[in-house]
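# Fold and contact review
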Amino acid sequence: LGLLTWLGRRRRIAWPRLIIVVSGKRKSGKDYFTDRLLSALGTDMACIGRLSGPLKKAYAEEHGLDFKELLSDGPYKEKYRADMIAWGEARRKADPGFFARLVLKSQTQKRVLIISDARRHSDM
């Protein structure tokens, strides 16, 4: 079931008219690029959605961890990185659109949604 089809069936979600997905490896400049793109489009028209936020939040809730610490670049996140990646892959395998739907549910007020951190085919 495609993500937009799924959204269309749930009309309560007013999804964006355009979704721009930026993909690249870790530390490749995705955030820099999306920040520049948002600046060019303007915050009245566009917003940035991050797949990593909902992933980290769900992982933290399921494992009793500090969500805010998982958002940092510190040793706390590094301690859980390998397990979090494996957990996220298992979640994507069971439901490829799980994290994308969480982003769309939280970022529907703008006409353009920029996804800044797609790293896998399943993220698109």
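Right above here is the structure, for reference.
The notes below deal with the structure included here. (Residues numbered from 1 in each chain as written. Predicted model: local features only at pLDDT ≥ 70, side-chain atom pairs only at ≥ 80, totals over all residues. Heavy atoms only, no water.)

### Observations concerning the sheet that holds strand β3 (residues 112–118)
In plain terms, the rule: Two strands pair if DSSP finds at least two bridges between them. A run of H or I in DSSP becomes a helix once it reaches four residues, and a run of E becomes a strand once it reaches two; helices and strands are each numbered from the N terminus. Throughout, an axis means a line fitted to C-alpha atoms (over the contacting stretch in the case of helices), and angles, computed between N-to-C directions, take values from 0 to 180 degrees.
Across the sheet, 3 strands lie side by side as β1-β3-β2; this open sheet has parallel pairing. Among the strands making up the open sheet, the edge pair consists of β1 (18–23) and β2 (46–49). With direction set aside, neighbouring strand axes in the sheet form an average angle of 20°. With 5 bridges joining them, β1 and β3 adopt parallel strand pairing. The partner of I19 across the bridge, within β3, is L113.

### A word on the packing of aromatic side chains
Rule in force here: Classification of ring pairs rests on two measures: the distance between centres of Phe, Tyr or Trp rings, Trp counted by its six-membered ring, which must be within 6.5 Å, and the angle between planes, read as stacked under 30 degrees, edge-to-face over 60 and tilted in between. Think of it in three bands: residues with accessible area under 20% of the maximum for their type are buried, residues over 50% are exposed, and the middle band is partly exposed, with areas taken using a 1.4 Å probe on protein chains only. A positively charged side chain is recorded as over a ring if its NZ (Lys) or CZ (Arg) lies within 6 Å of the ring centre. The angle to the ring normal must also be within 35 degrees.
Per the counting criterion, the structure on display carries 4 aromatic pairs. On the numbers, 6.0 Å between centres and 55° between planes, the contact of W87 with F99 is tilted. Here W87 is found in helix α5 (residues 75–94), whereas its partner F99 is found in helix α6 (residues 98–106), with 12 residues between them in sequence. Here W87 and F99 have matching classes, each one buried. With a centroid separation of 5.0 Å and 80° between ring planes, the pair formed by F98 and F99 is classed as edge-to-face. Residue class for F99 comes out buried when judged on its relative accessible area of 2%. Ring-pair connections join several aromatic residues into one group, and the members of that group are Y59, W87, F98 and F99. Above the face of the F98 ring, R91 is positioned so that its terminal group lies 4.6 Å from the ring centre.

### Digging into the packing of helix α3 (residues 52–63) against α5
Applied cut-off: If an angle is under 35 degrees, it is roughly parallel; if it is over 145, roughly antiparallel; if it lies from 65 to 115, roughly perpendicular; otherwise it is oblique. Here a residue-residue contact requires only that any non-hydrogen atoms of the pair lie within 4.5 Å. Residue type decides the class: Asp, Glu, Lys and Arg count as charged, Ala, Val, Leu, Ile, Met, Phe, Trp, Tyr, Cys and Pro as nonpolar, and the leftover types, Gly among them, as polar.
With their axes 10 Å apart at the nearest point, α3 and α5 run at an angle of 100° to one another. With respect to their mutual orientation, α3 and α5 come out roughly perpendicular. Mapping the contact onto sequence places L55, K56, A58, Y59, E62 and H63 in α3 and K77, Y80, D83, M84, W87, G88, R91 and R92 in α5. The class makeup of the residues in the contact of α3 with α5 is 6 nonpolar, 2 polar and 6 charged.

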